[in-house]
2 protein chains.
Amino acid sequence: MENITEMLKGVLEGCVLEIISRGETYGYEITQHLRELGFTDVVEGTVYTITIRLEKNNLVDIEKKKSTVGPPRKFYTLTEAGREQLEVFWTKWDFITSKMVELKTMEIKRRG
Amino acid sequence: MENITEMLKGVLEGCVLEIISRGETYGYEITQHLRELGFTDVVEGTVYTITIRLEKNNLVDIEKKKSTVGPPRKFYTLTEAGREQLEVFWTKWDFITSKMVELKTMEIKRRG
DNA sequence: TACTAGTATATAGTATTACAGAGTAGTCGT
DNA sequence: ACGACTACTCTGTAATACTATATACTAGTA
């Protein structure tokens, strides 16, 4: 899918939170998951900016571990605040999707 | 719903296109519709920037009409390009929503 | 007249976010 | 030594919604 950049804003961070919530993982792997999911154009740099942001906002804990196949990995796990943020994310997402359905099906009332 | 700003990026323009597709309308009325829909924090300025953008991209035709209750209104209707853009928007939206469902339900494959 | 409220368009400036593009490092196989 | 893959880092840019404000027209009312 091309050019969904703008539509991903505010969504991608939630995706990353969700992926981390399934178990500790690191930036490169998160990128791979997103690409497998279908967001094929997501690059490491994008995920990096998101993880940095999550770290700044204390939504994730970090543990550095050595790898046998490359440089050390920074593993992320959600903090309590991170889990709360993830819930908030899905609440917002559900709100918007419900409104979009409403928009698609609603009769628009006209004024005079 | 608070703070859904970022999540609305790339979505709001599609909403405006959809609303215009139902029949000619103007900025202020579009804002009202969006607020009735539930996007209560959307303000005129935001819609204005969107309609300007639509105009620049030749997605809408404009007709100025006098009003009995205030200054003249600028009525918008979709051009052929606008209708195509609206279809593209829903395609993208459906893609993202399907991926989000997948994300929510998917088993995440772990690597070694 | 003067004031207020509701309607309606317009615009400058700001914050947030995803992305492009590049760099740096570590490990492994040849 | 070299290339391929893994993995994190960083700088800068474009797109978009929002804040805040200004302008203008009509109607009601004091």
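You'll find the structure just up there.
Residues numbered from 1 in each chain as written. Chains lettered and ligands numbered in written order. Predicted model: local features only at pLDDT ≥ 70, side-chain atom pairs only at ≥ 80, totals over all residues. Heavy atoms only, no water.

**Student:** Quick question: what am I supposed to make of the sheet that holds strand β3 (residues 73-78) of chain A here?
**Tutor:** To summarise the sheet geometry, strands pair through backbone hydrogen bonds and adopt either a parallel or an antiparallel arrangement. Residue and element names in this part refer to chain A. What the 3 strands build is an open sheet, ordered β1-β3-β2; its pairing is antiparallel. The two strands at the open ends of the sheet, each matched to only one other strand, are β1 (25-26) and β2 (60-65). Contacts from helix α2 (residues 12-21) reach β1, β2 and β3 within the one sheet, and its direction differs from that of β3 by about 90°. (Pairing = 2+ DSSP bridges. Helix = DSSP H or I, 4+ residues; strand = E, 2+ residues; numbered from the N terminus. Contact = heavy atoms within 4.5 Å. Axes fitted to C-alpha atoms, helices over the stretch in contact; angles between N-to-C directions.)

**Student:** In this structure, what is going on with the relation of the copies chain A and chain B? I would like to understand it.
**Tutor:** Least-squares fitting of chain A to chain B yields an RMSD of 0.1 Å, with the superposition described by an axial translation of 0.0 Å and a rotation of 180°. Taken together, these values place the two copies in the relation of a two-fold axis. Within chain A, the C-alpha atom positioned nearest to the axis of rotation is that of Lys9 of chain A, 3.1 Å from it. Of the interface residues in chain A, 100% have counterparts in chain B that sit at the interface too, so the contact is made through matching surfaces. (Least-squares fit on C-alpha atoms with pLDDT ≥ 70 in both.)

**Student:** Explain the state of the cysteines here, please?
**Tutor:** Two cysteines form a disulfide when their sulfur atoms are joined by a covalent bond. Tallied over the entire structure, the rule returns 0 disulfides over all chains. Here Cys15 of chain A is not disulfide-linked; the sulfur of Cys15 of chain B is the nearest cysteine sulfur, at 19 Å. (Disulfide = S-S within 2.5 Å.)

**Student:** Before we go on, may I ask you to explain the protein's contact with DNA strand D in this structure?
**Tutor:** Close to DNA strand D lie 28 residues; Tyr28, Tyr48 and Arg73 of chain A together with Lys9 and Arg53 of chain B are nearest. Sugar and phosphate atoms represent 77% of those atoms of DNA strand D found within 4 Å of the protein. Between DNA strand D and the protein, one listed contact pairs a phosphate oxygen with a backbone N or O atom of Leu8 of chain B at 3.4 Å. If you list the elements that add at least two residues to the surface near DNA strand D, you get α3 (27-37), α4 (44-56) and β3 of chain A together with α1 (5-8), α2 (12-21) and α4 (44-56) of chain B. If you tally residues by element for the surface near DNA strand D, the top one is α4 of chain B, at 4 residues. (Near = heavy atom within 4 Å. Polar contact = N/O pair within 3.5 Å; in protein donor to acceptor, adjacent residues only side chain to side chain.)

**Student:** Looking at this model, I keep getting lost on the pattern of salt bridges. Mind explaining?
**Tutor:** Two side chains of opposite charge can pair, provided their charged atoms sit close to one another. Going through the model one piece at a time under the given rule, you end up with 16 salt bridges over all chains. Here Asp94 of chain A and Lys104 of chain B are joined by a salt bridge, their closest N and O atoms 3.7 Å apart. One end of the pair, Asp94 of chain A, is in helix α5 (residues 80-105); the other, Lys104 of chain B, is in helix α5 (residues 80-105), on a second chain. Classification of Asp94 of chain A by relative accessible area gives partly exposed; the value is 37%. Between Glu24 of chain B and Lys65 of chain B there is a salt bridge; the shortest N-O distance is 2.5 Å. Taken together, the residues span a long stretch of sequence, with Glu24 of chain B in the loop between α2 and β1 (25-26) and Lys65 of chain B in strand β2 (residues 60-65) at a distance of 41 residues. Look at Lys65 of chain B and you get partly exposed, because its relative accessible area is 29%. (Salt bridge = Lys/Arg side-chain N within 4 Å of Asp/Glu carboxyl O. Buried < 20%, exposed > 50% of the residue type's maximum accessible area, 1.4 Å probe, protein only.)

**Student:** Help me understand the protein's contact with DNA strand C, please; the structure alone is not making it clear to me.
**Tutor:** Arg53 and Thr68 of chain A together with Tyr28, Tyr48 and Arg73 of chain B are the nearest of the 30 residues found near DNA strand C. Within 4 Å of the protein, the contacting atoms of DNA strand C are 76% sugar and phosphate, with bases supplying the remainder. Measuring from a phosphate oxygen of DNA strand C, one finds a backbone N or O atom of Gly27 of chain B at 3.5 Å. Counting residues per element, the ones that place at least two in the surface near DNA strand C are α1 (5-8), α2 and α4 of chain A together with α3 (27-37), α4 and β3 (73-78) of chain B. If one sorts the elements of the surface near DNA strand C by residue count, α4 of chain A sits on top with 5 residues.

**Student:** Help me out: how do you make sense of the packing of aromatic side chains in this one?
**Tutor:** The geometry of an aromatic ring pair is captured by the separation of the ring centres together with the interplanar angle, meaning the angle of the planes. Here the structure, examined in full by the defined rule, presents 7 aromatic pairs over all chains. Both rings, one in Phe39 of chain A and one in Phe95 of chain B, keep their centres 6.3 Å apart while their planes meet at 70°; by these two values the pair is edge-to-face. With one member in each of two chains, Phe39 of chain A in the loop between α3 and α4 and Phe95 of chain B in helix α5 form a pair that bridges those chains. Residue Phe39 of chain A is classed as buried on the basis of its relative accessible area, which comes to 2%. Directly above the ring of Phe75 of chain B sits Lys65 of chain B, whose terminal nitrogen or CZ lies 5.0 Å from the centroid. (Phe/Tyr/Trp six-rings, centres within 6.5 Å; stacked < 30°, edge-to-face > 60°. Lys NZ or Arg CZ within 6 Å of the ring centre and 35° of its normal.)

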